[in-house]
Amino acid sequence: MRVRLRRITLIVALLLVGAVARAEDTARNAGLRLFEEKIHPILAGTCFRCHGDQKVAGGLRVNSRAALLAGGDSGAAIVPGRPEESLLLKAIRRDDDVSAMPPDKELRADQVADVTSWIAAGAPWPEQPVRFETSKHWAFEPVRERDVPAVQNTTWPRNEIDRFLLARMETTGKSPLPRADRRTLIRRLTYDLTGLPPTPEEVAAFELDNRPDAYQLLVDRLLAAPAHGEQWGRHWLDVVRYADTAGENSDHPLPHAWRYRNWVIGAFARDLSYDEFIREQIAGDLLALDGPAEAYADRVTATGYLAIARRFGHDIEKDMHLTLEDTLDTMGKSVLGLSIGCCRCHDHKYDPLTTRDYYGLYGIFASTRFAYPGCEPKQLPRDLVLLVSPAEYERIVQASAEKIPEARAEVKRLTEQQDAQSTRLKASLAASAHMLSAQEIDDGQSADVAQGAQTPLENVAVRRGEVIQLAISPRGNHGADSTGIEFEIIELAGERRRWCVADLLDDLSVSNPHAGRDSDAPTWCFLDAHDAPQFLSESLASIDGHAELRGWRRGDTPSVFANVSHDPVKVWTTLPPRQFFMHPGPQGAVALAWLSPVDGAIAIRGRVSDAHRGGDGVGWQVTHFADAGLADAFAELGATTGQLATAVKQRDALVERDRQIPRAYAVCEGESQNARIQKRGEPKDLGDEVPRKFPDFLGGQHVTQGSGRRDLADWLTNPANPLTARVMVNRLWQWHFGRGLAKTPNDFGTRGAPPTHPELLDYLAQQFVKSGWSVRAIDRLMVTSAAYQQAALGAADDLYVGFARRRLTAEELRDTLLAATGELDRTPGEAHPFPPESSWSFTQHGPFAAEYDTMKRSVYMMQKRNRRARFFALFDGADPNASTPLRDVTTVPTQALFFLNDPFLHERAAKFAARVTATPGNNADRVDFAYRQLFGRLPQDDERAEAIALVSAAPAGSNGWAALSRVLFSSNELLYVD
């Protein structure tokens, strides 16, 4: 018994020892987690800058447990297990008997509590060395107040920027260049701030303006111009890799992305504070809930910054981890100037960013729902974000629901009325029909309608109100052939008027019935004629994304349409320019009816051409319906059809009001979740879960609510963040001076280029924050400096002796050419004419690839990811697949060939030549006009003589002024800004 009791006692003792050991392990693991998640960020973000590897204030280091135990001049910093005796805790609590730490900013109460708990737990520290590297690099140091240096030359500086630059020049024995002449200054400043050339009138006025503040007034006028928002917006859109397509293998269009583009332009135009600019792009949908109501749509739209992340692969949902990587990479580069994306697979090799930092941020965006653009296996977009508040959405939907029964009843009434009218009209047509011509043609063939004439078409007697109808029928009931139509009716006596379908081209989609040219009464009707006649009821302002094609349909297929442009259009076939078409459907004929406005004789002429090879041809019938009351019957049916179309739209708008509420390609809150580390970047090989947080070396704060985007927005724009203000003022400097003070604007890490003038960079960052984060205030400071107003040099100078000449960007070149011809449309662009979503069937082998010409500013042009527009690729436009902090400037032979051969250039040259030749006076006057328009100056005598000689030597039949225009367009004086 005694032995058994001893055994039991021993077992119990062993169990107790094991339990104690397990409890100690659990406590230690909890302490280590506390250190990793809470204490390390505090030490790294607030203590290490003064108590690190290189700087050791008070003899204290915080880079190891041993260093904290050893302490500094005042003794041990921590006493494990005894927080109240630890000087570190007393310092951060700011007790009276110790120096408060950190001296410039009090820690939060929860941070003090975390340090207390950690010391009480024995101050556990990981066995592996802990990385503390932040203070070794200039960009990670706090932005400090910088004293403006004294300079010897006190007459040159116009503001503090000049004193910083001049101090460096004087140490090297250099001097600034004189001020540029006024014509150079206005051209430089206008292109810089607006991306457009100054007008000749503006140049002349500035050259003659003797007011001492003339330049300042010019700066203020240009900064307030809407074009400034467009120019600065284009810069930002480069950085955030804006595009109007998704980038996956079928490159689906993004019909709503334009709202974000225009939001960016508007934000710069109204000088939205930069901190708010960033906050709204990260968490605008959350900020919108705070009000005011009028800001709701704008704030939601701003999150397009996140939504426009590139999509990858075939089924984009399977590669969403790559989209989140793209989001993180762009956010890191655009706001922080850091290559965060490097940490997806491993700790950053050079910067103090870890894989845990990466997945701490990754979890924030994994907790966010991104708008879905569609892809090959799932074509239609979804998850677009409403631009009205939840309360307003409920109000709109409820109000719509109450009106639906009445709308449905009106549609039913008009449908019955239309059917009755159509039935009566069918009977009237049958009773009065007289066939004039009928025939069929084979695939690809063409024939005059007279070939099938059963009675002469050159003399047909008609009365007012009767109908001549051309019906196109399918052969074999296929209805697959687009049919080119030439159809004309000529009055043989009286006023000898002519009615021709060619007259309908430019306003074809305006109405049905259509009045035609020079007429107020309906003259033409477009009909579905396979049974009882019905009007084609749906107007088409574009077809398959081509704004050049206009038409009408009743159902899915255009039945009457036209190519209204002067160029062929390639769709299902190549459609020749300025051509009218009819397209029969599988059910039967489509018809064009002419309602006679005359009593007398007419001649009918026309031609029918099968315009789409690969079908089985078409047939036609020209019929005279000799009933004078038909015009009224057609008009009655047309009116009812129009009323029904309106009623159907109103009903559908009510039934689908949810779809009618405006939406943005944006983001919103998803299911909150922490991310797990993806080992080696492989999403199927998961490691530890990481709490959602900011990078440790920037504070390491953890998410407090929802996805964490609102917290993230606050962290990014906190004035204590050493990167955000520095990165943006460096971009502003680059946009004005051609290169940044730090020449790697997207990389402020240890592998990036250090600033040439670090004190100036910090001074500008301080001024930026003090100004309320006003971009316009920093713009004004920079462009009013004497440094900015210096005469030009051919190349950049790190000392900023002289102003660096630059070439126009692709957008500036295109906009300049359109401005020169008077064609530039200065109204803002909005949505692109993408094909209807219901028709999307894009694939890897048949991706979206349309081009949409416009006379609007280039910033509003559609940008595709997978197939960049040739012009922008040729002249170094931004790549919309990746952040572009600085445009390349290449010089290649194909750029010269553009000025020689490109149709766009030739068209602009012809348009400009027309402006020049319309100028009163002789050839010398016209050359002077051309030079003033393009260069803001008069030509020199030899230039004028050479220009006149070139025009005079032009061969007969050629346009010498267009040739001169091409020469001037390609000149360095136009292409470069001094």
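Since the structure is predicted, the reported quantities are computational estimates derived from the model, not experimental observations.

Criteria and thresholds
- Residues numbered from 1 in each chain as written.
- Predicted model: local features only at pLDDT ≥ 70, side-chain atom pairs only at ≥ 80, totals over all residues.
- Heavy atoms only, no water.
- Phe/Tyr/Trp six-rings, centres within 6.5 Å; stacked < 30°, edge-to-face > 60°.
- Helix = DSSP H or I, 4+ residues; strand = E, 2+ residues; numbered from the N terminus.
- Buried < 20%, exposed > 50% of the residue type's maximum accessible area, 1.4 Å probe, protein only.
- Lys NZ or Arg CZ within 6 Å of the ring centre and 35° of its normal.
- Axes fitted to C-alpha atoms, helices over the stretch in contact; angles between N-to-C directions.
- Parallel < 35°, antiparallel > 145°, perpendicular 65-115°, else oblique.
- Left-handed = near helix turned anticlockwise from the far one by under 90°.
- Contact = heavy atoms within 4.5 Å.
- Salt bridge = Lys/Arg side-chain N within 4 Å of Asp/Glu carboxyl O.
- Pairing = 2+ DSSP bridges.
- Expected span 1.5 Å × (residues − 1).
- Arc of directions from axis to C-beta.
- Nonpolar A, V, L, I, M, F, W, Y, C, P; charged D, E, K, R; others polar.
- Polar contact = N/O pair within 3.5 Å; in protein donor to acceptor, adjacent residues only side chain to side chain.
- Lys, Arg positive; Asp, Glu negative; His and termini not counted.

Enquirer: How should the packing of aromatic side chains be read in this particular structure?
Expert: To describe a pair of aromatic rings, one takes the distance between the centres and the angle between the planes. All told, the structure shown has 45 aromatic pairs when counted by the stated rule. Measuring from ring centre to ring centre gives 5.6 Å for Tyr-274 and Phe-768, while their planes differ by 40 degrees; the resulting arrangement is tilted. Here Tyr-274, found in helix α11 (residues 274-288), pairs with Phe-768, found in helix α21 (residues 758-770); they are 494 residues apart in sequence, far enough to count as distant. In terms of burial, Tyr-274 and Phe-768 fall into one category: buried. Ring centres of Phe-768 and Trp-773 lie 5.4 Å apart, and the angle between their planes is 65 degrees; on these two criteria the pair is classed as edge-to-face. Its relative accessible area of 5% is what places Trp-773 among the buried residues. Among the aromatic residues, those joined into a ring-pair cluster are Trp-236, Tyr-242, Tyr-260, Trp-263, Phe-268, Tyr-274, Phe-277, Phe-768 and Trp-773. Between Arg-182 and the ring centre of Phe-206, over which it is positioned, the NZ or CZ distance is 4.8 Å.

Enquirer: Looking at this structure, I do not really get the packing of helix α27 (residues 923-935) against helix α29 (residues 960-969). What am I missing?
Expert: Relative placement of two packed helices is described by the angle separating their axes and the distance separating the axes. At their nearest, the axes of α27 and α29 sit 11 Å apart, and the two run at 30 degrees to each other. Of the possible angle classes, the one that applies to α27 and α29 is roughly parallel. Seen from above, α27 lies across α29 with right-handed handedness. Of α29, the residues touching α27 (which contributes Asn-923, Arg-926, Val-927, Ala-930, Tyr-931, Leu-934 and Phe-935) are Trp-961, Leu-964, Leu-968 and Phe-969.

Enquirer: Help me understand the pattern of salt bridges, please; the structure alone is not making it clear to me.
Expert: Any two side chains of opposite charge can pair if their charged atoms end up close together. Inspection of the entire model under this criterion finds 62 salt bridges. Residue Arg-183 pairs with Glu-973 through a salt bridge whose shortest N-O separation is 3.7 Å. Note that Arg-183 is positioned in helix α6 (residues 182-194) and Glu-973 in helix α30 (residues 972-975), a separation of 790 residues in sequence. Two residues, Arg-726 and Asp-762, come together in a salt bridge whose shortest N-O distance is 2.7 Å.

Enquirer: Is there a simple way to explain the sheet that holds strand β6 (residues 467-474) in this structure?
Expert: Paired through backbone hydrogen bonds, the strands of a sheet run either parallel or antiparallel to each other. An order of β3-β19-β6-β17-β9-β10 is seen for the six strands of this open sheet, with the pairing classed as antiparallel. Across the chains shown, the open sheet's two edge strands, defined by having one partner strand only, are β3 (433-441) and β10 (534-535). Direction of pairing for strand β9 (residues 524-528) relative to β10: antiparallel, over a ladder of two bridges. The residue bridging Asp-528 from the neighbouring strand is Gln-534, located in β10.

Enquirer: Please clarify how the pairing of strand β19 (residues 618-625) should be interpreted in this entry.
Expert: Successive residues of a regular strand alternate their side chains across the two faces of the sheet. The element β19 is largely enclosed, with a buried count of seven among its eight residues. As judged from the eight bridges shared by β6 and β19, these two strands associate in the antiparallel manner. Directly across from Ala-471, in β19, lies its bridge partner Gln-621.

Enquirer: Before we go on, may I ask you to explain the pairing of strand β13 (residues 558-563) in this structure?
Expert: Among the six residues that make up β13, six are buried, leaving the element largely enclosed by the rest of the structure. Examined bridge by bridge, strand β12 (residues 549-553) and β13 share five bridges and lie antiparallel to one another. Each residue of the ladder has a partner; that of Arg-550, found in β13, is Ala-562. Counting the residues in the hairpin turn of β12 and β13 gives four residues, including Gly-555, whose phi is positive at 120 degrees. Pairing between β13 and strand β16 (residues 579-582): four bridges, direction antiparallel. Bridge pairing links Asn-563 to Gln-579 in β16.

Enquirer: I would appreciate a short explanation of helix α28 (residues 941-952) in the present structure.
Expert: The periodicity of an α-helix, 3.6 residues per turn, causes residues three or four places apart in sequence to face the same way. A rise of 1.5 Å per residue sets the reference length of α28, with its 12 residues, at 16 Å; its end C-alpha atoms lie 17 Å apart and thus fit the reference within 8%. Every buried residue of α28 is accounted for by Arg-944, Ala-947 and Val-951. Looking down the long axis of α28, one finds its buried residues gathered within 65 degrees of arc, a one-sided arrangement. The outward face of α28, more than 90 degrees from its buried face, is lined by the exposed residues Asp-941, Glu-946 and Ser-952. Looking at the buried positions of α28, the neighbouring elements they touch are α27 and α29.

Enquirer: Before we go on, may I ask you to explain unusual backbone geometry in this structure?
Expert: Trans peptide bonds make up the majority, and among non-glycine residues the majority have a negative phi. Residue Pro-102 is reached from Met-101 by a cis peptide bond, and omega for that bond is -15 degrees. The omega torsion across Gly-291 and Pro-292 is 0 degrees, close enough to zero to call that bond cis. Along the chain, Pro-292 turns up in the loop between α11 and α12 (296-302). Backbone geometry places Ala-123, a non-glycine residue, at a positive phi of 55 degrees.

Enquirer: Would you take a moment to explain the packing of helix α25 (residues 893-901) against helix α26 (residues 903-917) for this structure?
Expert: Interhelical geometry of α25 versus α26 gives an angle of 45 degrees and a closest axis separation of 6 Å. Relative to α26, α25 is oriented oblique. Between α25 and α26 lies a crossing whose hand is right-handed. Contacts from Phe-898, Phe-899, Leu-900 and Asn-901 in α25 reach Pro-903, Phe-904, Leu-905 and His-906 in α26. Classifying every residue of the contact of α25 with α26 gives six nonpolar, two polar and no charged.

Enquirer: Quick question: what am I supposed to make of the side chain of Thr-816 here?
Expert: Structurally, Thr-816 is set in helix α23 (residues 810-821). For Thr-816, the side chain forms a polar contact with the side chain of Tyr-191, separated by 2.7 Å. Those residues in contact with Thr-816 that sit more than four places away from it in its chain are Tyr-191, Pro-197, Leu-808 and Leu-974.

Enquirer: Explain the side chain of Glu-248 to me, please; I cannot follow it from the model alone.
Expert: Assignment of secondary structure puts Glu-248 in the loop between α9 (226-239) and α10 (258-269). For Glu-248, which is buried and forms no salt bridge, the nearest opposite charge comes from Arg-310, at a distance of 8.1 Å. Discounting residues that sit within four places of it in the chain, Glu-248 has contacts with Arg-311, Phe-312, Gly-313, Ile-316, Gly-374, Cys-375, Glu-376 and Asn-866.

Enquirer: Could you clarify how one ought to interpret helix α15 (residues 355-366) in this entry?
Expert: With 12 residues, α15 should reach 16 Å at 1.5 Å per residue; the first-to-last C-alpha distance of 16 Å fits that figure. Thr-355, Asp-357, Tyr-358, Tyr-359, Gly-360, Leu-361, Tyr-362, Gly-363, Ile-364 and Phe-365 are the residues of α15 that are buried.

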